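# Coordinates in review
Residues per chain, in single letters:
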Amino acid sequence: MIPKGLSTVSFTKKTMPSLQHRMNYSYRVIGKCDNLEALKQTVYKILNTERYENVIYSRNYGVELKSLLGQPVKEVLPTIESRIKEALLQDDRILSVEDFVFDTSKKHIVSVQFTVKSNIGNLKIEKEVSV
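Attention here is on the structure that accompanies the text. Quantities reported herein were computed from a predicted structural model and do not represent experimental measurements.

Criteria and cut-off values
- Residues numbered from 1 in each chain as written.
- Predicted model: local features only at pLDDT ≥ 70, side-chain atom pairs only at ≥ 80, totals over all residues.
- Heavy atoms only, no water.
- Helix = DSSP H or I, 4+ residues; strand = E, 2+ residues; numbered from the N terminus.
- Buried < 20%, exposed > 50% of the residue type's maximum accessible area, 1.4 Å probe, protein only.
- Contact = heavy atoms within 4.5 Å.
- Areas by Shrake-Rupley, 256 points an atom, 1.4 Å probe, with all protein chains shown as cover.
- Salt bridge = Lys/Arg side-chain N within 4 Å of Asp/Glu carboxyl O.
- Pairing = 2+ DSSP bridges.
- Axes fitted to C-alpha atoms, helices over the stretch in contact; angles between N-to-C directions.

## Description of the overall build of the protein chain
Helices and strands together make up the secondary structure of the protein chain, namely 2 helices and 5 strands. Its helices and strands taken in sequence order, the protein chain reads β-β-α-α-β-β-β from the N to the C terminus. Out of the 131 residues in the protein chain, the part that is buried amounts to 31%. For the protein chain, long-range pairs separated by at least 24 residues make up 32% of all intrachain contacts whose partners lie at least 6 apart in sequence. Within the structure as shown, the protein chain displays about 9,500 Å² of accessible surface, and the carbon and sulfur contribution to it stands at 52%.

## Quick word on the pattern of salt bridges
Enumeration over the complete set of coordinates arrives at 6 salt bridges. Residues D91 and R93 are paired through a salt bridge, measuring 2.7 Å at the closest nitrogen-oxygen approach. The two residues D91 and R93 agree in class, both being buried. The residue E128 makes a salt bridge to K106 at a minimum N-O spacing of 2.9 Å. Residue E128 is located in strand β5 (residues 121-130), and its partner K106 is located in the loop between β3 (94-103) and β4 (109-118); the two are separated by 22 residues in the primary sequence. Take E128: its relative accessible area is 43%, and that puts it in the partly exposed class.

## Description of the sheet that holds β3
What the 3 strands build is an open sheet, ordered β3-β4-β5; its pairing is antiparallel. The strands lining the two open edges of the sheet, one partner per strand, are β3 and β5. Sheet twist, expressed as the mean angle between neighbouring strand axes with direction ignored, is 25°. Where β4 lies against β5, 10 bridges are found, and the strand directions are antiparallel. By the bridge assignment, V116 is partnered in β5 with L123. Against the sheet, helix α1 (residues 36-47) touches β3, β4 and β5, its axis set at about 20° to β5. Relative to the sheet, helix α2 (residues 73-88) contacts β3, β4 and β5, its axis offset from that of β3 by approximately 160°.

This is the structure:
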């Protein structure tokens with residue numbers, strides 16, 4: 001019950017910057033980054049975290065790729081595409097994941113290239129998946 005004399009309170013959603021630590025090739029923190037560089041790090045972290053494997057992450061974080069081990073390469077291509085899309089679209093900055101190109105020339109490895117379209121720009125991403 002709202003006491004007399006008090007009115008309702010309205011809230012506004014404020015978008016905070018998506019800051020990440022700037023890393024160099026020896027994985028040392030050398031500052032902070034924002035925008036596309038921060039999104040690139042986020043995509044890297046999502047695609048290199050197996051979903052449901054680490055209790056510190058929510059059940060919506062990461063990608064399910066380990067279950068594809070041992071499956072026929074040609075049969076897993078649509079699954080890889082859908083799982084990458086599902087994992088990355090959890091981030092509200094990402095609008096779409098498209099333009100998938102698969103390279104199956106290596107034995108038991110699928111190289112995937114795709115474009116991540118976001119509200120701050122586009123990223124070309126490459127990922128190798130063991131199958």
